[in-house]
Amino acid sequence: MPINYSKWDNLDCSSDEEDAPKIVKPAPKKVEKPVMPAPKEATGSAWNANNYHWEEQKLDKWGRQRIGDLLTDGGKKAHEELEYQGARLSFIYSVSKDEVEGDAWTHIRKGKTVVGYNFEIKLTVSGKVKTSSREEPVGANVHVDLMVDNDAEVAVELTEGGGLPFAGGLKKHVHGSVVARINAFLTELQEKALEQKSKTEGKKEGSASPLSAPPAAAVGHTEQSAGAKSHFGGRVQVGGHNIEGLRIS
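The structure contained in this document is the topic of the report that follows. (Residues numbered from 1 in each chain as written. Predicted model: local features only at pLDDT ≥ 70, side-chain atom pairs only at ≥ 80, totals over all residues. Heavy atoms only, no water.)

1. Quick look at the packing of aromatic side chains
Counted only if it meets this: Geometry of aromatic contacts follows a simple scheme: Phe, Tyr and Trp rings, the Trp one being its six-membered ring, pair when their centres are within 6.5 Å, and the pair is stacked under 30 degrees between planes, edge-to-face over 60, tilted otherwise.
Counted according to the given criterion, the structure contains four aromatic pairs. Counting every residue linked through ring pairs, the aromatic cluster contains Trp62, Phe119 and Phe185.

2. Focus on the nonpolar core
What tends to happen in soluble globular proteins is that the nonpolar side chains get buried as a cluster. Note the following rule: Nine residue types can take part in a nonpolar core, namely buried Ala, Val, Leu, Ile, Met, Phe, Trp, Tyr and Cys, and a core is a set of them joined through side-chain atoms within 4.5 Å. Throughout, exposure labels follow a simple rule: accessible area from a 1.4 Å probe, protein chains only, divided by the maximum for the residue type, with under 20% read as buried, over 50% as exposed, and the rest as partly exposed. A helix here means a DSSP run of H or I that spans at least four residues, while a strand means a run of E at least two residues long, and both kinds are numbered starting from the N terminus.
Judged by nonpolar contacts, the single largest core of 40 residues is most densely connected at Tyr117 and Val142. Counting only elements with at least two residues in this core, the list comes to α2 (60-72), β2 (78-84), β3 (87-109), β4 (112-130), β5 (135-147), β6 (153-160) and α3 (167-200). For this core, the leading source of residues is α3, giving nine residues.

3. With respect to the pairing of β3
Inclusion rule: Between any two strands, pairing holds if DSSP finds at least two bridges.
As defined by bridge partners, strand β1 (residues 55-58) adjoins β3 across four bridges and the pair is classed as antiparallel. Bridge pairing links glutamate 56 to histidine 107 in β3. Pairing geometry for β2 and β3, over seven bridges, is antiparallel. Residue pairing across strands places glutamate 83 opposite arginine 88, the latter belonging to β3. As consecutive antiparallel partners, β2 and β3 are separated by two residues, and within that stretch glutamine 85 has a phi angle of approximately 50°, a positive value. Where β3 lies against β4, 19 bridges are found, and the strand directions are antiparallel.

4. Section: the environment of glycine 169
By secondary structure assignment, the location of glycine 169 is in helix α3. Glycine 169 sits in the partly exposed class, given a relative accessible area of 37%. Taking C-alpha positions, glycine 169 is 7.3 Å from leucine 82, a pair spaced 87 residues apart along the chain.

5. Some details on the pairing of β6
Here seven bridges tie β5 to β6, and the two strands are oriented antiparallel to one another. When the sheet's bridge partners are listed, valine 144 is paired in β6 with valine 154. Connecting the antiparallel pair β5 and β6 is a turn made up of five residues, with aspartate 149 showing a positive phi of about 70°.

6. Focus on unusual backbone geometry
One can expect most non-glycine residues to show negative phi and most peptide bonds to be in trans. Even without a glycine there, the phi angle at aspartate 73 is positive, about 55°. Within the fold, aspartate 73 resides in the loop between α2 and β2.

7. Here's the deal with α2
In plain terms, the rule: Between the first and last residue of a helix there are one fewer steps than residues, each counted as 1.5 Å, and that sum is the expected span. Two residues qualify as a contact provided that any one of their heavy atoms is within 4.5 Å of a heavy atom in the partner residue.
Across its 13 residues, α2 extends 18 Å between first and last C-alpha, which sits within 8% of the 18 Å expected from 1.5 Å per residue. Within the span of α2, buried status applies to Gly63, Ile67, Gly68, Leu70, Leu71 and Thr72. Each element contacted by the buried residues of α2 is listed here: β3, β4, β5 and α3. In the segment just after α2, aspartate 73 is the residue with positive phi, at about 55°.

Quick look at the structure:
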């Protein structure tokens, strides 16, 4: 019996891919490069733009020489007065330095200026006190332990004249003189820091902003023995001078 193929006449043999809708891809967008702002002029060293990291100035040699010169007043004799029971006594003396060890520095970080110092100093005071009737020889050994952010110590020990009725006033007078000269040094050290900041920022001298740690007077308030243990010997800190100041024995 012959095979009838007529049933396949209306068969759709077209491919599904031919009838599928074609997907049109969108055209790529043009990406514009962002406009970067012009860089600002940086201050500070070439390696330390805007002083963000660390800018340090070592002043060891200057510091040792300067604090020694101020404490001894260049070897000049001082002519001052002591008051005892309403009477004024003439006190003539000189100060010599036996030892000055330590260091001083300033640094700038994130635009802030800080001073630091660490000194151990030994001095000898020699002189005389004139009363209305006689002259009394006097002498003292002075030990100074000066460190930033710590109570500085000034120990005064009379080596001659300790039996005089005004010996206590004599020690206080020597202490006050040492304190005044230390404060003069701290003022000069902070002026050095301001000069560094001014130069670093490219400004005229005197136009720099104030220090982050302003100077404070060293004021004695507690008695210490002449053999007070020194803090000098490796401790390095930074900051401002302690307002509680110096002690005297």
